[in-house]
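Chain residues, written in single-letter form:
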Amino acid sequence: MTLPAAPRINPSILAADFANMQTELARIATADFAHVDVMDNHFVPNLTFGPQMVERIQATSPIPLDVHLMIDDPDRWAPGYADLGAASVTFHLEAAADPVALARRLRAIGSRAGIAIKPGTAGESLYDILDEFDQILVMTVEPGFGGQGFMPETMPKLRALHDEARRRGSDVWLQVDGGISDDTIAQAAAAGADTFVAGSAVYGARDIEAAVIGLRERARAASLES
């Protein structure tokens with residue numbers, strides 16, 4: 001049996017200390033990507049980083065950036081984040097006018113192209129365009145709202161996307177974001193996720209490196225058992 005690749009752990013810097021961002025980025029150097037949530041106070045009710053801040057994060061991060069755009073009009077704005085050097089740029093299906101054209105543009109610039117869907121958006125809406133993307137992000141909370149719990153009702157959608165991707169022979173990454181912790185990561189891994197955004201589960205830990213290792217181990221064990 002061929003073992004799957006090691007699960008990717010992408011700590012969300014929303015849980016970091018913004019006043020000491022360079023130090024906070026250094027603390028997650030053993031993770032796979034730094035997850036950067038860009039919110040515009042329109043597509044979602046919160047406002048976070050813009051291009052200037054992301055450029056500084058890109059310049060100081062010891063690991064690649066996984067940028068998640070929770071913004072209106074990503075067709076206009078997303079390529080700018082790829083131009084900054086972000087390794088991966090994910091935009092929302094619900095906000096994009098032409099997701100396929102945008103994905104191709106991101107790839108042409110040199111970024112991985114990701115597409116995200118809210119909990120209420122059907123996974124089937126991605127089936128016909130699945131091959132255009134390097135990553136699919138299944139939101140396991142409503143985007144833009146803090147303090148929410150993991151939504152297990154999103155797991156059948158994730159499993160269906162996993163099965164469809166494998167049926168097509170796709171190696172698209174399946175990411176989950178929202179409420180991922182020691183207690184929930186196994187559910188997502190068992191449903192087919194291989195890339196996990198974790199905020200407080202990493203930055204709230206006493207030993208960040210041990211937390212990243214522990215999350216990987218739990219996800220790996222669950223994926224092998226599923």
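Every value quoted in this text rests on a predicted model; they were computed, and no experiment measured them. (Residues numbered from 1 in each chain as written. Predicted model: local features only at pLDDT ≥ 70, side-chain atom pairs only at ≥ 80, totals over all residues. Heavy atoms only, no water.)

A.B. asks: A description of unusual backbone geometry should follow, citing residues and the corresponding values.
C.D. replies: Phi at Asn-41 takes a positive value of approximately 65 degrees, unusual for a residue other than glycine. On the secondary structure map, Asn-41 appears in the loop between β2 (34–39) and α2 (51–60). Here Asp-73, not a glycine, exhibits a phi torsion of approximately 55 degrees, which is positive. If you trace the backbone, Asp-73 turns up in the loop between β3 (65–70) and α3 (74–83). (Helix = DSSP H or I, 4+ residues; strand = E, 2+ residues; numbered from the N terminus.)

A.B. asks: Please set out the UniProt feature "active site" (unreviewed entry) in the protein residue by residue, giving values where relevant.
C.D. replies: Per the UniProt annotation, the sites labelled "active site" (unreviewed entry) are Asp-37 and Asp-177. Spatially, the listed residues are clustered: although they cover 141 residues, their C-alpha atoms lie within 10.5 Å of one another. Considering only the residues just annotated, the largest pocket is lined by Asp-37 and Asp-177. Judged by its relative accessible area of 4%, Asp-37 falls in the buried class. Those residues in contact with Asp-37 that lie beyond four places of it in its chain are Ser-12, Leu-14, Thr-48, Phe-49, His-68, Met-70 and Asp-177. By secondary structure assignment, the location of Asp-177 is in strand β7 (residues 173–177). Here Asp-177 falls in the buried class, since its relative accessible area comes to 10%. Discounting chain neighbours no more than four positions away, the residues touching Asp-177 are His-35, Asp-37, His-68, Leu-137, Val-138, Met-139, Thr-140, Val-141 and Val-197. At 3.4 Å, the side chain of Asp-177 forms a polar contact with the side chain of His-35. (UniProt positions renumbered as here; feature names shortened; annotations may be inferred. 1 Å grid on protein atoms, 1.4 Å probe; cavity = no way out; pocket = protein on both sides within 12 Å on 5 of 7 lines; lining within 4 Å. Buried < 20%, exposed > 50% of the residue type's maximum accessible area, 1.4 Å probe, protein only. Contact = heavy atoms within 4.5 Å. Polar contact = N/O pair within 3.5 Å; in protein donor to acceptor, adjacent residues only side chain to side chain.)

A.B. asks: Give me the lowdown on the packing of aromatic side chains, citing residues and values where you can.
C.D. replies: In this structure the tally under the stated criterion is three aromatic pairs. Taken together, a centroid distance of 5.9 Å and an interplanar angle of 70 degrees make the contact between Phe-33 and Trp-173 edge-to-face. Of this pair, Phe-33 sits in the loop between α1 (21–26) and β2 while Trp-173 sits in strand β7, and the two are 140 residues apart along the sequence. Summarising the burial analysis for this pair, Phe-33 and Trp-173 share the class buried. The cationic tip of Arg-8 hangs over the ring face of Trp-173; the distance from NZ or CZ to the ring centre is 3.5 Å. The lysine or arginine in question, Lys-118, covers the ring of Phe-43, its NZ or CZ lying 4.6 Å from the ring centre. (Phe/Tyr/Trp six-rings, centres within 6.5 Å; stacked < 30°, edge-to-face > 60°. Lys NZ or Arg CZ within 6 Å of the ring centre and 35° of its normal.)

A.B. asks: Lay out helix α4 (residues 99–109) in plain terms, naming residues and giving numbers.
C.D. replies: Where α4 is concerned, the buried positions are Pro-99, Val-100, Leu-102, Ala-103 and Leu-106. What you see down the axis of α4 is that its buried residues fit within an arc of 165 degrees, all on one side. Structural note: α4 exposes Arg-104 and Ala-108 on the side pointing more than 90 degrees away from its buried face. On its buried face, α4 is in contact with α3, β4 (88–92) and β5 (112–117). Two residues or fewer after α4 comes Gly-110, characterised by a positive phi angle close to 125 degrees. (Arc of directions from axis to C-beta.)

A.B. asks: Could you give an account of the nonpolar core, naming the residues involved and the relevant values?
C.D. replies: Ranked by size, the top nonpolar core spans 63 residues in total, and within it Ile-13, Val-36, Val-67, Ile-136 and Phe-196 carry the most contacts. Broken down by element, the residue count for this core peaks at five residues, all from helix α8 (residues 208–225). When sequence neighbours within four positions are dropped, the list of residues in contact with Ile-136 reads Ile-115, Leu-126, Leu-130, Leu-161, Val-172, Trp-173, Leu-174 and Gln-175. Core analysis: the next-biggest nonpolar cluster, separate from the first, contains five residues, Met-39, Phe-43, Val-44 and Ala-95 among them. (Core = buried A, V, L, I, M, F, W, Y, C linked by side-chain atoms within 4.5 Å.)

A.B. asks: Residues and numbers for the packing of α3 against α4, please.
C.D. replies: Look at α3 against α4: their axes get within 9 Å of each other, and the N-to-C directions meet at 15 degrees. Our classification of the angle between α3 and α4 gives roughly parallel. The handedness of the crossing between α3 and α4 comes out as right-handed. Along the contact surface, α3 presents Pro-74, Asp-75, Ala-78, Pro-79, Ala-82 and Asp-83, while α4 presents Leu-102, Arg-105, Leu-106 and Ile-109. (Axes fitted to C-alpha atoms, helices over the stretch in contact; angles between N-to-C directions. Parallel < 35°, antiparallel > 145°, perpendicular 65-115°, else oblique. Left-handed = near helix turned anticlockwise from the far one by under 90°.)

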